[in-house]
Amino acid sequence: HEFSGACAGCGETAYIKVITQLFGDRMMIANATGCSSIWGASAPVTPYTVNEKGQGPSWANSLFEDNAEYGLGMYLGVKQMRNKIEDNMRSLLELPIGEDMKSAFNEWLSTKESGAESRRISEQVLAVLEKDTTADEATKTLINEIKERKDYLVKRSQWILGGDGWAYDIGYGGLDQVMASGEDVNVLVFDTEIYSNTGGQASKSTP
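Analysis parameters
- Residues numbered from 1 in each chain as written.
- Predicted model: local features only at pLDDT ≥ 70, side-chain atom pairs only at ≥ 80, totals over all residues.
- Heavy atoms only, no water.
- Helix = DSSP H or I, 4+ residues; strand = E, 2+ residues; numbered from the N terminus.
- Buried < 20%, exposed > 50% of the residue type's maximum accessible area, 1.4 Å probe, protein only.
- Polar contact = N/O pair within 3.5 Å; in protein donor to acceptor, adjacent residues only side chain to side chain.
- Contact = heavy atoms within 4.5 Å.
- Arc of directions from axis to C-beta.

Colleague: What's the story with the side chain of Ser36 in this structure? I'm lost.
Modeller: With respect to the element layout, Ser36 can be found in helix H2 (residues 35-39). For Ser36, a relative accessible area of 2% corresponds to the buried category. Of the polar contacts made by the side chain of Ser36, one reaches the side chain of Asn31; its length is 2.9 Å. With near-sequence residues (within four places) excluded, Ser36 lies in contact with Glu12, Asn31, Gly162 and Phe190.

Colleague: How do you make sense of helix H8 (residues 172-181) when you look at a structure like this?
Modeller: One turn of an α-helix holds 3.6 residues; hence residues three or four places apart share an orientation. Taken residue by residue, H8 has Gly174, Leu175 and Val178 as its buried positions. Along H8, the residues classed as buried sweep out an arc of 100° about the axis, all on the same side. Each element contacted by the buried residues of H8 is listed here: helix H3 (67-93), strand E3 (157-163), helix H7 (164-170) and strand E4 (186-190). Gly182 sits one or two residues past H8 and shows a positive phi near 80°.

Pasting the structure below:
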């Protein structure tokens with residue numbers, strides 16, 4: 001069901017709606033405990049859905065104190081898988097493979113870090129791989145390893161979400177470390193200026 005479990009009039013859901021409309025088909029979300037984890041996962045409904053191709057955000061919830069690190073871990077895990085795909089492609093480019101495969105691999109390598117472009121070329125890479133009929137075992141092994149990691153061909157859009165209690169109070173040390181890392185992650189703070197989920201205690205951003 002494409003509905004949140006938010007209170008009537010909640011302002012948080014409008015922000016995540018816009019972001020999922022922009023990046024949802026390749027989005028990964030690490031959600032700190034708080035209001036957004038409650039309205040984001042109130043069984044039996046969820047605000048997160050898929051497009052006509054069945055592509056949509058993946059979502060997981062972590063603790064108040066380590067959500068930034070958790071989101072960074074998600075990103076680094078995907079980065080490792082994509083680096084393995086790159087290694088396989090570079091190895092294949094040194095072998096006698098077809099021109100269509102060479103062209104697809106070279107374009108993927110040059111657009112690997114571009115979200116929209118990697119979606120387009122990843123579909124071409126998969127089409128070329130499916131057509132391959134090579135009998136060479138070394139080549140076949142490298143191709144099969146790419147196929148096994150096909151879900152990682154498209155560049156993910158990593159998001160780390162939470163309220164101001166997480167971002168400015170309990171999880172600030174981790175958030176500071178993640179932002180200082182320079183890695184390609186996005187952070188959205190639902191700055192309600194209060195601990196909304198636990199009764200309204202003051203936070204660092206309470207006026």
